[in-house]
Structure formats: C-alpha cells, structure tokens
Amino acid sequence: MTTTSSYRSPRILLKELGITEPEDLKIEAIAEYCNATIIYEPLKGSAARILGYGDRAIITVDSQSRRERQRFSAGHELGHWLQDRGKVSSFTCTEKVFLSEWSGDNPERRANRYTAELLLPDFMVEPRAKNQEMTFETVRSLAEAFQMSLTAVAIRLVEVGSFPALLVCSEAGKRRWFVRGPDVPEVIWPKEYPNAYTIAFELHRGGTAEKSSTDIQADGWIDHAQSKWYTLREDSVKTNHGYVLSLLWWKDERQLLDLEEQE
Ligand SMILES: [Zn+2]
C-alpha cells in the first residue's frame, strides 16, 4: 500500500507539493505531508532525533540551534524516516554526523544527501549559482537564500555550479572526505595531506585566511606528477568541530584539461 510516508525522491516529493521557490521549502509542512511532525525542544548531546510509531513519526529538533542547522537536521531526520523505516524505528543524530558523513554508503550519509537534495534542489540552485565564483562568498549568499548550512550549500555548489571544483573537508590537516564536481576528471585527486603552502594547512595551524579565493600551486592539493606546473584557486574556511572546508576550483579549465592529458 502506498501511503504519504512511503519513500520517494526529494525531486518527486517537491513535484507532488508543487514547490518551485526557496521560500516555499518549509520543512515543517513537507514533513507533515510525509506523516512526520516536527517539534522543537532543547536537546542535550544531539541535534535532532526521530521516533517512528507505525505510519507516523515525531521529529524533535534542538530548539537552541541556529535556524539553518534546524532545517538541515529536520530534513536529515525526514530522510531517515523515508529511507530507513522498517529497519530502524528511532535515530538520534549529532551535528558532528552532519559535518562528517558525506562519503561511503551508510544511513547517515543517505540522510544527509536526502536533506541536501530536498532543501537545496538542483533545479533551484543551478540558476542561482550560474557563472558565480566557486567561493565561500557565493556559498554564504546561497546559504542565506535557502536558509541552509555552509557545508550542505558548498557541496551543492560543487555539484551544480558553473566551474569545475572539488570540496575537501579536512580534520587536523588530514583529508576526511571530498566531493568531486562533474567536470573534474577522475585522475584529479586531492592529497590526503595538503601541503604547507595551502590555506587549509594555515587554518589547521591556527592561522587566518585571506577573505577571498587565492591562486596556489596545484601540487599543494593535487596528487599528480605534473601538478607543480599548474595552479588552482583555493578558498578555505574553518567550521565547527575543527574541520576545514576547502573549495578548490579552476576558472581557466585548460589548467585542468592539461593535467588530464599529462596523465
Ligand atoms: Zn542521522
């Protein structure tokens, strides 16, 4: 039997609801439509949790966290509800999970993807990101328009933006996960340890970064025999829990294509 809480992709769900603009992405109404009620309460040690009872669920979101975090958390729990119900009837999720689970295949990563695609739909993000630089300035302006967290917006920018880019999350100087934009060839891999000339390295050392993106020698970041002859643009910021997010991008696509040919 198909019920309102049956699984469907974010795109189908938005289509069913006729949502076409960022201001109509009201997570409470979307969740309610899927038989999940969102309530706000102070939570200790977690950002959100979900409890399912048969065909209904209650999502509790920490009333003390910022609005964009609350929206992300609520969408994440809705992702659990629609994707993993039947297997698990309750989840308790921390903010650290939202920052760290973006690779591999597990319920947390799938719930993160669900909320990113539901609250930052490609058909709304793509036209707003068109020809915009792949920087945290662009990320911040999209984050404001969509009321979403920087990490989720940066991932979506890399996926649908106009220039080839990678987003790398590092912790204590070491790469933790990365997202490759569709125009970045598979031979291009970010290093496990970005070198001392990268902005990320400086931030991990406790330094501060330039405000906008900077040209750096590509071998600071890219594992490739010829990369020292090329450049890329880096914009890095420090986020919660000591993670550094780095947008690596190429305004001049030839730099990237040359590297691919040299392989
Ligand atoms: Zn979760």
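Residues numbered from 1 in each chain as written. Predicted model: local features only at pLDDT ≥ 70, side-chain atom pairs only at ≥ 80, totals over all residues. Heavy atoms only, no water.

As for the coordination of the zinc ion
Phase 1 of the analysis: For the zinc ion, the full set of protein donor atoms is His76 (NE2), His80 (NE2), Cys93 (SG) and Glu108 (OE), at a range of 2.0 to 2.2 Å.
Phase 2 of the analysis: Note that the zinc ion binds four donor atoms; their angles at the metal cover 92 to 131 degrees, and the shape is tetrahedral.
Phase 3 of the analysis: Sequence spacing of the donor residues for the zinc ion, all on one chain, is H-x3-H-x12-C-x14-E. With His76 in helix α3 (residues 67–84) and Cys93 in strand β4 (residues 90–93), the pair connects residues that are 17 residues apart, well separated along the chain. One exposure class covers both His76 and Cys93, and it is buried. (Donors = N, O, S within 2.8 Å, 3.2 Å for Na, K, Ca; no water. Tetrahedral: all angles 85-135°; square planar, octahedral: opposite > 155°, others 65-115°. Helix = DSSP H or I, 4+ residues; strand = E, 2+ residues; numbered from the N terminus. Buried < 20%, exposed > 50% of the residue type's maximum accessible area, 1.4 Å probe, protein only.)

Looking at the environment of Ala172
Phase 1 of the analysis: Here Ala172 lies in the loop between β5 (165–171) and β6 (174–180).
Phase 2 of the analysis: C-alpha separation for the pair Ala172 and Phe201, spaced 29 residues apart in sequence, amounts to 8.9 Å.

Section: helix α1 (residues 10–17)
Phase 1 of the analysis: Residues of α1 that are buried include every one of Pro10, Leu13 and Leu14, and no others. One face of α1 carries all of its buried residues, which in axial projection span an arc of 95 degrees.
Phase 2 of the analysis: The secondary structure elements touched by the buried residues of α1 are α2 (27–33), α3, α5 (107–119) and α6 (122–129).
Phase 3 of the analysis: Following α1 by one or two positions, Gly18 adopts a phi angle in the positive range, close to 65 degrees. (Arc of directions from axis to C-beta. Contact = heavy atoms within 4.5 Å.)

So, the domain arrangement of the chain
Phase 1 of the analysis: Domain assignment breaks the chain into domain 1 (10–119) and domain 2 (122–262).
Phase 2 of the analysis: Its C-alpha centre places domain 1 at a distance of 27 Å from the equivalent point of domain 2.
Phase 3 of the analysis: Between domain 1 and domain 2, the residue contacts involve 23 residues of the former and 21 residues of the latter.
Phase 4 of the analysis: If you sort the residues of domain 1 by the area they bury against domain 2, Pro22, Leu99 and Trp102 come out on top, with a joint share of 27%.
Phase 5 of the analysis: On inspection of domain 1 and its partner domain 2, the count reaches four salt bridges.
Phase 6 of the analysis: The residue Arg113 makes a salt bridge to Glu159 at a minimum N-O spacing of 2.7 Å.
Phase 7 of the analysis: Scanning the region where domain 1 abuts domain 2 turns up five residue pairs in polar contact (both at pLDDT 80 or more).
Phase 8 of the analysis: Those elements giving two or more residues to the side of domain 1 that touches domain 2 turn out to be α1, α3, α4 (95–100) and α5. (Domains from an automatic or database assignment. Buried area = accessible area lost by both parts, 1.4 Å probe. Salt bridge = Lys/Arg side-chain N within 4 Å of Asp/Glu carboxyl O. Polar contact = N/O pair within 3.5 Å; in protein donor to acceptor, adjacent residues only side chain to side chain.)

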